[in-house]
Amino acid sequence: MRWLTLYTRSRALGPSLAALVLCTALVRVAAGGDWSVLFASLSLAAAVSVAAVGLSGQDVDLDRTAAFGWLPRRLAHVLLVGVLAALVLLAVQGSLAVPTSVVVRDALGLTGLAGLAATLFGGQFGWTLPLLWTVVALFTPPDPPALRRVVAWPLQPADTAVTWWVAGVVFVVGVGAYSARGARR
C-alpha cells in the first residue's frame, strides 16, 4: 500500500472532509437569509474543528518512529484543513457573501488554534481551541473596544489591523508548533 493511502486512512481524512462539508452546509442552511460574519465564523469554526480531529493517527509512537521527516507532512495536513474549510465556505455562502478577507483571516487563525490544540492536548482534541475561542468571541462584551477587537477577532470587520495581527500570530504559533512537534501523545 502506498504511503498516502495509509496516511489518509490513519487520519480519517475521508470522513473528516465529509464532516467539514456537512458542517459548513448545515450552518449555511440554518442561517438562511441572515448570513453574516457571525454565521461565517461559526461555520469555519465547526469545519476546522471536525477536520482537526484527524491531526494525529491512532498510534503517535508509531508515527514518531518513521524513517522520514514529518514536518512537511504535518504542515501540509494542517494547511489543508484551513484551506478546505475556507474554500468550502466561500463555495456555499452564495449571494449573501461575507468578504473573502474575513474568511481568509478567520481560516488562518482557526487553523492555528487547531494546530496548537493538537500539539497541547493531542489530535483527538484539535477541535477544542477553535471552538472555544469562537464561543468566547460570541460572548465578549463590547466594552472596552480594544479587548473586543483582540478576543473577538473572528467576528470583527476585515479592515481592523489588530484582528489580522492576532489571527496571524495564532496561525504562526499553532501551525509552527504542530508542524515541528506533532500531536501530543
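Before any of the text, the structure's been laid out above.
The shown structure was predicted, so the numbers you read here are calculated from the model rather than taken from an experiment.

Participant: With reference to specific residues and values, describe helix α6 (residues 100-121).
Facilitator: Look at α6: 31 Å from first C-alpha to last across 22 residues, which is about the 32 Å you get at 1.5 Å a residue. One or two positions beyond α6, positive phi appears at glycine 122, with a value near 110 degrees.

Participant: Explain helix α2 (residues 13-31) residue by residue, including any values.
Facilitator: Its 19 residues give α2 an end-to-end C-alpha distance of 27 Å, which sits within 8% of 27 Å, the value for a rise of 1.5 Å per residue. Of the positions making up α2, those classed as buried are Ser16, Leu20, Thr24, Val27, Arg28 and Ala31. One face of α2 carries all of its buried residues, which in axial projection span an arc of 105 degrees. Those residues of α2 that are exposed and aimed more than 90 degrees away from the buried face are Pro15, Leu22, Leu26, Val29 and Ala30. Taken together, the buried residues of α2 touch α3 (37-52) and α5 (71-92). Of the residues trailing α2, glycine 32 is marked for its positive phi of about 60 degrees.

Participant: Before we move on, can you summarise the packing of α2 against α5 with the specific residues and values?
Facilitator: In the contact formed by α2 and α5, the axes pass within 10 Å of each other and the chain directions differ by 35 degrees. Between α2 and α5 lies a crossing of right-handed hand. Between α2, through Leu13, Leu17, Leu20, Val21, Thr24 and Arg28, and α5, the contact on the second element is made entirely by His77, Val81, Leu84, Ala85, Val88, Leu89 and Val92. Among the residues making up the contact of α2 with α5, the classes are represented as 10 nonpolar, 2 polar and 1 charged.

Participant: Pulling in residues and values, what's your account of the pattern of salt bridges?
Facilitator: In total, this model carries 1 salt bridge according to the counting rule given. The residue aspartate 106 makes a salt bridge to arginine 105 at a minimum N-O spacing of 3.0 Å. Like aspartate 106, the residue arginine 105 is buried in the burial classification.

Participant: Before we move on, can you summarise the environment of alanine 47 with the specific residues and values?
Facilitator: One can find alanine 47 in helix α3. A C-alpha to C-alpha distance of 9.4 Å links alanine 47 and tryptophan 127, two positions 80 residues apart in sequence. Alanine 47 has contacts with Leu20, Cys23, Thr24 and Ala85, leaving out every residue within four places of it along the chain.

What counts and how
Residues numbered from 1 in each chain as written. Predicted model: local features only at pLDDT ≥ 70, side-chain atom pairs only at ≥ 80, totals over all residues. Heavy atoms only, no water. Helix = DSSP H or I, 4+ residues; strand = E, 2+ residues; numbered from the N terminus. Expected span 1.5 Å × (residues − 1). Buried < 20%, exposed > 50% of the residue type's maximum accessible area, 1.4 Å probe, protein only. Arc of directions from axis to C-beta. Contact = heavy atoms within 4.5 Å. Axes fitted to C-alpha atoms, helices over the stretch in contact; angles between N-to-C directions. Left-handed = near helix turned anticlockwise from the far one by under 90°. Nonpolar A, V, L, I, M, F, W, Y, C, P; charged D, E, K, R; others polar. Salt bridge = Lys/Arg side-chain N within 4 Å of Asp/Glu carboxyl O.

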